[in-house]
Amino acid sequence: MMIPSALDRPGDLIVAVVGQTASGKSDLSLDLAQSLPELMGAAAAEIVSADALQLYRGMDIGTAKTSVSERRGIAHHQIDVLDVTEEASVARYQIAARADVEAIHGRSGLALVVGGSGLYQRALLDRLEFPGTDPGVRAALEAGAEGPLGARGLHARLAALDPESARRIDPHNARRIIRALEVIELTGRPYSSTMPERVFIRPCVMIAIRHEQAILDERIGRRTRAMFEQGLVEEVRGLLDEGLKEGRTARRATGYSEAIGVIEGALSEQEAIDEVAAATRRLARKQAKWLRPDPRVHWIDADSPDALVRRAGEIVQKSVEAHLGEDAR
């Protein structure tokens with residue numbers, strides 16, 4: 001389902017709060033959801049999550065999911081829609097999330113897209129089509145990943161067929177390598193040719209919060225410690241009873257795989273905290289690397305919450321004026 005490209009009213013502008021983990025996206029999005037509707041002539045704001053792991057029911061602490069009691073009465077979409085045994089699919093997410101945005105606009109609401117999963121953001125916001133799948137091709141590639149070749153062997157094969165995609169995909173990320181090779185086999189084209197274009201499917205403004213690296217690292221460390229103090233290991237213990245270890249995507253999530261290690265005695269809790277914090281810092285750097293080349297992102301230096309909201313509001317207002325001006329011409 002494609003969302004119309006015209007901006008018929010200010011509230012039809014999608015506002016996306018993107019950026020690094022632990023940067024404060026959720027808090028800013030809630031503040032904007034309360035402050036922007038009046039500015040943009042919208043009935044109310046609703047949030048569409050672009051976080052691949054917040055799709056999972058029960059994965060709350062380790063994904064820093066905003067609890068229902070903390071949502072200030074603001075409707076949230078694309079949260080708690082999968083069981084931990086299900087595999088997340090960005091193609092399915094694209095269809096469902098775009099339908100959410102269309103429904104919000106149909107209610108004269110304002111759609112706020114919030115999350116740090118880069119491919120999910122772009123699947124919702126940008127021109128991006130997903131080639132089909134073939135169970136036979138996929139099964140053969142999965143067998144290769146589990147056999148002597150392993151993920152690295154498949155990555156070498158990908159490098160020979162599509163060097164650009166191989167450079168972008170971690171040699172240990174078997175799932176993405178398999179998908180790239182599947183698309184190449186089915187389409188006869190490089191997987192890189194299916195990458196999203198930096199072209200919005202409808203008017204949108206993207207805002208990201210910027211921290212000094214040392215400050216962000218400290219925020220990540222504090223949040224990681226807080227997750228374990230709040231009961232991440234106990235959360236994972238309960239999810240194991242629901243089949244977490246059988247879930248291809250969920251079980252590998254940062255925080256969850258380490259908590260499984262604690263439960264199984266492979267890691268001490270402090271070792272798990274250290275590993276999760278280190279992995280999260282690496283993720284934050286990857287997220288910044290993903291976003292920095294995109295000229296459409298408006299970066300706001302972290303300051304007081306009031307300053308963030310005010311500056312974000314100014315950016316949104318200018319974007320609305322620019323889009324309405326374009327439509328008038």
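Keep in mind the model is a prediction, meaning the values are calculated, not measured.

Cut-offs and rules
- Residues numbered from 1 in each chain as written.
- Predicted model: local features only at pLDDT ≥ 70, side-chain atom pairs only at ≥ 80, totals over all residues.
- Heavy atoms only, no water.
- Pairing = 2+ DSSP bridges.
- Helix = DSSP H or I, 4+ residues; strand = E, 2+ residues; numbered from the N terminus.
- Buried < 20%, exposed > 50% of the residue type's maximum accessible area, 1.4 Å probe, protein only.
- UniProt positions renumbered as here; feature names shortened; annotations may be inferred.
- Contact = heavy atoms within 4.5 Å.
- Phe/Tyr/Trp six-rings, centres within 6.5 Å; stacked < 30°, edge-to-face > 60°.
- Lys NZ or Arg CZ within 6 Å of the ring centre and 35° of its normal.
- Salt bridge = Lys/Arg side-chain N within 4 Å of Asp/Glu carboxyl O.
- Axes fitted to C-alpha atoms, helices over the stretch in contact; angles between N-to-C directions.
- Parallel < 35°, antiparallel > 145°, perpendicular 65-115°, else oblique.
- Nonpolar A, V, L, I, M, F, W, Y, C, P; charged D, E, K, R; others polar.
- pLDDT = per-residue confidence, 0-100.
- Polar contact = N/O pair within 3.5 Å; in protein donor to acceptor, adjacent residues only side chain to side chain.

**Notes on the sheet that holds strand β3 (residues 76-77)**
- Spatially, the 6 strands line up as an open sheet ordered β3-β2-β4-β1-β5-β6, and their pairing is parallel. Looking at strand neighbours, the two that pair on one side only are β3 and β6 (297-301), the edges of this open sheet.
- For strand β5 (residues 204-210) and β6, the ladder comprises 5 bridges, and the chain directions are parallel. When the sheet's bridge partners are listed, arginine 210 is paired in β6 with aspartate 301.

**A look at unusual backbone geometry**
- Phi at glutamine 78 is positive, roughly 60°, even though this residue is not glycine.
- Counting through the fold element by element, glutamine 78 comes out in the loop between β3 and α2 (90-106).
- Classification of glutamine 78 by relative accessible area gives buried; the value is 11%.
- We note that aspartate 80 has phi near 60°; this positive angle belongs to a residue other than glycine.
- Tracing the chain through its elements places aspartate 80 in the loop between β3 and α2.

**Brief notes about the UniProt feature "binding site: ATP" (unreviewed entry) in the chain**
- The feature "binding site: ATP" (unreviewed entry), as annotated in UniProt, sits at Gly19, Gln20, Thr21, Ala22, Ser23, Gly24, Lys25 and Ser26 in this numbering.
- With relative accessibility at 9%, the residue alanine 22 sits in the buried group.
- Once residues within four sequence positions are removed from consideration, alanine 22 is found in contact with Leu216, Arg219, Ile220 and Arg223.
- By the secondary structure assignment, serine 26 is in helix α1 (residues 25-40).

**Observations concerning the packing of aromatic side chains**
- Throughout the structure, instances matching the rule amount to 1 aromatic pair.
- Cation over ring: arginine 296 sits above phenylalanine 200, and NZ or CZ is 4.1 Å from the ring centre.

**Observations regarding the pattern of salt bridges**
- This model, assessed by the stated rule, comprises 22 salt bridges.
- With a closest N to O distance of 2.8 Å, glutamate 87 and arginine 175 form a salt bridge. One end of the pair, glutamate 87, is in the loop between β3 and α2; the other, arginine 175, is in helix α7 (residues 174-187), with 88 residues separating them in the sequence.
- Note on glutamate 87: relative accessible area 26%, which makes it partly exposed.
- Using a relative accessible area of 36% as the deciding quantity, one classes arginine 175 as partly exposed.
- The partner of aspartate 126 in a salt bridge is arginine 296, and the shortest N-O contact between them spans 2.9 Å.

**Topic: the environment of leucine 161**
- With respect to the element layout, leucine 161 can be found in helix α5 (residues 150-161).
- In this structure, the C-alpha to C-alpha distance between leucine 161 and leucine 181, residues 20 residues apart in sequence, is 8.5 Å.
- If sequence neighbours within four positions are ignored, leucine 161 has contacts with Leu181 and Ile184.

**A word on the packing of helix α4 (residues 135-146) against α5**
- Across the interface, α4 lies against α5 with an axial gap of 6 Å and an inter-helix angle of 125°. Here α5 runs oblique to α4, going by the angle between their axes. The residues of α5 that touch α4, namely those facing Leu141, Gly144 and Ala145, are Gly150, Ala151, Leu154 and Arg157.
- The class makeup of the residues in the contact of α4 with α5 is 4 nonpolar, 2 polar and 1 charged.

**Side note on the confidence of the model for the chain**
- For the chain, the average pLDDT comes to 92, and 97% of its residues sit at 70 or higher.
- Every residue in residues 1-5 scores below 50 in pLDDT, and together they form 14 contacts with partners more than four places removed in sequence or on other chains.

**Points about the UniProt feature "site: Interaction with substrate tRNA" (unreviewed entry) in the chain**
- The sites that UniProt annotates as "site: Interaction with substrate tRNA" (unreviewed entry) are Ser117 and Arg138. Taken together, the annotated residues stretch across 22 residues and extend over separate regions, lying up to 23.8 Å apart by C-alpha.
- Mapped onto the secondary structure, serine 117 falls in the loop between β4 (110-114) and α3 (118-125).
- Serine 117 gets classed as buried once you look at its relative accessible area, which sits at 17%.
- With residues near it in sequence (within four places) discarded, serine 117 still touches Ala50, Asp51 and Ala52.
- Polar contacts involving the side chain of serine 117 include one to the main-chain amide nitrogen of alanine 52, which spans 2.9 Å.
- Along the chain, arginine 138 turns up in helix α4.
- Excluding residues within four positions of it along the chain, arginine 138 makes contact with Thr133, Ile178, Arg179 and Glu182.

**Focus on the side chain of threonine 249**
- Locating threonine 249 in the fold gives a position in the loop between α9 (232-241) and α10 (256-263).
- Judged by relative accessible area, threonine 249 falls into the buried class, the value being 16%.

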